[in-house]
Amino acid sequence: MTRVAFLGLGHMGLPMAKNLVAAGHEVHGFDLMPAAIEAAGAAGIPVAASGAEAVADAEVVVTMFPAGKHVIEAYRTELLAAARPGTLFIESSTIAVDEARAAHALALAAGHRHIDAPVSGGVVGAEAGTLAFMVGGSDDDFAAALPLLEIMGKRIVHCGGPGLGQAAKVCNNMVLAVSQIAVAEAFVLGERLGLEHQALFDVVSQASGQCWALTTNCPVPGPVPTSPANRDYQPGFAGALMAKDLGLALQAIEQTSTDARMGRMAQELYAAYAAGDGAARDFSGIITEIRG
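Residues numbered from 1 in each chain as written. Predicted model: local features only at pLDDT ≥ 70, side-chain atom pairs only at ≥ 80, totals over all residues. Heavy atoms only, no water.

Caption draft 1: The arrangement of the overall build of the chain in detail. Scanning the chain for helices and strands turns up 13 helices and eight strands. For 292 residues, the compact-globule estimate of 2.2 N^0.38 gives 19 Å, and the C-alpha radius of gyration of the chain, at 20 Å, lies within 12% of that figure. Projected onto its principal axes, the C-alpha positions of the chain cover 65 × 45 × 30 Å. Looking at the chain as a whole, 47% of its 292 residues qualify as buried. Surface accessibility of the chain: about 13,100 Å² in total, with carbon and sulfur atoms responsible for 58%. (Helix = DSSP H or I, 4+ residues; strand = E, 2+ residues; numbered from the N terminus. Rg over C-alpha atoms; globule rule 2.2 N^0.38 Å. Buried < 20%, exposed > 50% of the residue type's maximum accessible area, 1.4 Å probe, protein only. Areas by Shrake-Rupley, 256 points an atom, 1.4 Å probe, with all protein chains shown as cover.)

As structure tokens, this is what we get:
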């Protein structure tokens, strides 16, 4: 049994923490939001009065925060000083690569171990324990974290040194955004040419255009009954989160002087989508932005 502090008990964090409890680990949580605290209590997870209190006796600290600024602030102001020397920090928020490396440096300077381990798979994957983890950090720290990651996820990839888990995440989500837009554009074009949705799906899903954005996250109702399009685009993975991740991708594109024209266009389109109703709708609802 490992003593785990889990900070950030939202839609992703709480089911991840619950899976650790179900596997026999001792988990203490913390969150700033009253609804998250209430949900954790209902799930039988004790919630500390502060982040510092949550990490004080932990062997491992998992953080799942909204943005990099929250990670850096929490590390600097209370978490690193309150944790016991040698605590393993697993940072699973989606943040910029340079922020992940800054967090890693802060943790090491304070005498702790650290990996960045962002996830893919959404709330469904968090609940089912089938998340994909992209991990950056040393071989030893990856090995130490692996037993816990395997409880929360199905696919765990060690991508290299500090920050490279976040690098993999930002690249993956750029591919996902571009492919989701391409699928949406194809369906809008098909509509205007007189194609039935099912007919287009039947062709493309068995042809060279086949992709996850089509066969799992189909942006029109009908062909894939479990896709968000059949639930009025209830997320899922919200448009606001995709816009945030593409902002991180754009930051990396500019820092590395990469000629990523499709990534830039995807960022612009999702920023417009998230500025309206798309913020709280599934990112596959981008088809509504394309239809105009």
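Moving on from the coordinates now.
Caption draft 2: Focus on the pairing of strand 2 (residues 26–30). Pairing of strand 1 (residues 3–7) with strand 2, which is carried by five bridges, proceeds in the parallel orientation. Counted as the bridge partner of Ala-5 is His-28 from strand 2. Handedness of the β-α-β unit built from strand 1, helix 1 (residues 13–22) and strand 2 comes out right-handed. (Pairing = 2+ DSSP bridges. Right-handed = clockwise from strand over helix to strand, strands pointing away.)

Caption draft 3: Seen up close, the side chain of Ser-284. Its place among the elements puts Ser-284 in the loop between helix 12 (261–274) and helix 13 (286–291). A distance of 2.6 Å separates polar atoms of two side chains, one belonging to Ser-284 and the other to Asp-282. For Ser-284, the contacting residues outside a window of four places in its chain are Gln-180, Asn-217, Pro-219, Pro-228 and Tyr-233. (Polar contact = N/O pair within 3.5 Å; in protein donor to acceptor, adjacent residues only side chain to side chain. Contact = heavy atoms within 4.5 Å.)

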